[in-house]
Amino acid sequence: MVKLSKRLQAVADLTQPWRRIADIGSDHAHLPLYLREQNKIDFAVCGEVIPGPYEIAAAHVKNSAYSADLVVRLADGLQAIQQDDQVECAVIAGMGGMLITQILERGHQELSWLKGLVLQPNQNVDVVRKWLAEHNWQITAENLVFDEGHYYQMMAAQPSKTPTTYTDLQLLMGPAMLQMSAVPADFTHYWQFKLTQKQAILQQLQNASEPPADKISQMAKEVDLIEEGLNATNRSTNH
């Protein structure tokens, strides 16, 4: 039986209701194997661009009970998906936000076949949200979890016929997170930690012998945004 980390479990939960997925950068194929084992999907493409992880994923799938339903391909990004696969949702998790947007940029044709995306950037989450908005993808669900000493943000998105515009606060903290009736405790803990961190940096900048005005202005803006977001979600925190 496949057991997922808290991070990958949160990613897996966002793949619903899609039954045919592609896991890009599949590593050991844990995510598609888990989803198939739990009968949450019917079919998956496991894409890997590096031969070593590709071979590991292929071996895991071959030795599983689901080798007929999971296809492992050595390919760059979304090029692992073929139109005949009828994939509904692509998962790109555990990479930097800049790399995720580059993969999306290079997969224009494959994106046109999809009904959903599940993305989990390790950094530059705001960059990913901005890319989605600018390319007519609307964020429909989000989560933030603490796992093995790190905080992770993840999101699901679907194509939108109209362009989406997010505010600076939504880009930073997540439009779906800010609309939740009860945000997860991990969300509050993470942003309280970031607020304390940025307030300390702001203090250091202000106390410098030659205070850098531009950096102070930027840091003060970030502090204000986090405070605004925490105030907006504080009344609905689910401890």
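Look above for the structure.
These numbers come from a predicted model, not from an experiment.

S.K.: Outline the overall build of the protein chain, supporting the account with residue identities and numerical values.
M.R.: When helices and strands are tallied, the protein chain shows 10 helices and seven strands. Here the C-alpha atoms of the protein chain give a radius of gyration of 19 Å, agreeing with the 18 Å that 2.2 N^0.38 yields for 239 residues. In terms of its C-alpha atoms, the protein chain occupies a principal-axis envelope of roughly 65 × 35 × 35 Å. In the protein chain, which comprises 239 residues, the proportion classed as buried is 49%. Excluding contacts between residues fewer than 6 apart, the proportion of contacts in the protein chain whose partners are at least 24 apart in sequence is 67%. Here the protein chain displays about 12200 Å² of accessible surface, and carbon together with sulfur accounts for 48% of that area. Computing the positive centroid from 19 side-chain charges and the negative centroid from 27, the protein chain places the two 4 Å apart.

S.K.: Lay out the pattern of salt bridges with the relevant residues and their values.
M.R.: Counted by the stated rule, this structure contains 10 salt bridges. Two residues, D69 and R36, come together in a salt bridge whose shortest N-O distance is 2.9 Å. Pair noted here: D69 is in the loop between α3 (51–62) and β3 (70–74) and R36 is in helix α2 (residues 30–37), with a separation of 33 residues, a long-range link. By relative accessible area, D69 is classed as partly exposed at 21%. Judged by relative accessible area, which is 18%, R36 ranks as buried. The residue E142 makes a salt bridge to R129 at a minimum N-O spacing of 2.8 Å. Taken together, the residues span a long stretch of sequence, with E142 in strand β6 (residues 137–147) and R129 in helix α6 (residues 125–134) at a distance of 13 residues.

S.K.: For the pairing of strand β7 (residues 150–159), give the residues involved together with the corresponding values.
M.R.: Note: strand β5 (residues 116–121) against β7, three bridges, orientation antiparallel. What sits directly across from L117, in β7, is A157. The pairing of β6 with β7 spans 10 bridges and is classified as antiparallel. Note on β7: the bridge partner recorded for L144 is Q153. Hairpin connection of β6 to β7: two residues between the antiparallel strands, including E148 at a positive phi of 50°.

S.K.: Tell me about the packing of helix α4 (residues 97–106) against α6, and please be specific about residues and values.
M.R.: Running from N to C, α4 and α6 point in directions that differ by 25°, and their axes come no closer than 8 Å. For the element pair α4 / α6, the angle class is roughly parallel. The interaxial crossing formed by α4 with α6 has right-handed handedness. Two secondary-structure elements touch here, α4 through G97, M98, I100, T101, L104 and E105 and α6 through V127, V128 and W131. Classifying every residue of the contact of α4 with α6 gives six nonpolar, two polar and one charged.

S.K.: If you had to explain the environment of L74 to someone new, which residues and values would you point to?
M.R.: Tracing the backbone through its elements, the reader meets L74 in strand β3. In this structure, the C-alpha to C-alpha distance between L74 and E48, residues 26 residues apart in sequence, is 5.1 Å. If we ignore the near neighbours within four places in the chain, the residues touching L74 are E48, V49, I50, P51 and Y54.

S.K.: Hey, could you go over the pairing of strand β4 (residues 89–95) for me, with residue numbers and the actual values?
M.R.: The buried fraction of β4 amounts to six of the seven residues, a majority that puts the element mostly inside the structure. The pairing of strand β1 (residues 20–24) with β4 spans four bridges and is parallel. Note on β4: the bridge partner recorded for I21 is C89. Two elements, β4 and β5, share six bridges in a ladder whose sense is parallel. Looking at β5, one finds that I92 is bridged to L119.

S.K.: So what's going on with the nonpolar core? Which residues, and what values?
M.R.: Of all hydrophobic cores here, the largest spans 31 residues; its most connected members are L78, I92, L104, L117, L119 and L132. Sorting the residues of this core by element identifies β1, β2 (43–48), β4, α4, β5, α6, β6 and β7 as the ones contributing at least two each. The greatest single-element share of this core, amounting to five residues, is contributed by α6. Setting aside residues up to four positions removed in sequence, L132 forms contacts with L117, L119, W137, I139, M155 and A157.

S.K.: I'd like to hear about the packing of helix α9 (residues 185–206) against helix α10 (residues 213–234), residue by residue, with values.
M.R.: As a packed pair, α9 and α10 sit with axes 9 Å apart at the nearest point and diverge in direction by 155°. The angle between α9 and α10 places the two elements in the roughly antiparallel class. Remark: the crossing between α9 and α10 carries left-handed chirality. Of the residues in α10, those touching α9 at F187, T188, W191, Q192, K194, L195, K198, Q199, I201, L202, L205 and Q206 are K215, I216, M219, A220, E222, V223, I226, E227, L230 and T233.

Thresholds applied
Residues numbered from 1 in each chain as written. Predicted model: local features only at pLDDT ≥ 70, side-chain atom pairs only at ≥ 80, totals over all residues. Heavy atoms only, no water. Helix = DSSP H or I, 4+ residues; strand = E, 2+ residues; numbered from the N terminus. Rg over C-alpha atoms; globule rule 2.2 N^0.38 Å. Buried < 20%, exposed > 50% of the residue type's maximum accessible area, 1.4 Å probe, protein only. Contact = heavy atoms within 4.5 Å. Areas by Shrake-Rupley, 256 points an atom, 1.4 Å probe, with all protein chains shown as cover. Lys, Arg positive; Asp, Glu negative; His and termini not counted. Charge placed at Lys NZ, Arg CZ, Asp CG, Glu CD. Salt bridge = Lys/Arg side-chain N within 4 Å of Asp/Glu carboxyl O. Pairing = 2+ DSSP bridges. Axes fitted to C-alpha atoms, helices over the stretch in contact; angles between N-to-C directions. Parallel < 35°, antiparallel > 145°, perpendicular 65-115°, else oblique. Left-handed = near helix turned anticlockwise from the far one by under 90°. Nonpolar A, V, L, I, M, F, W, Y, C, P; charged D, E, K, R; others polar. Core = buried A, V, L, I, M, F, W, Y, C linked by side-chain atoms within 4.5 Å.

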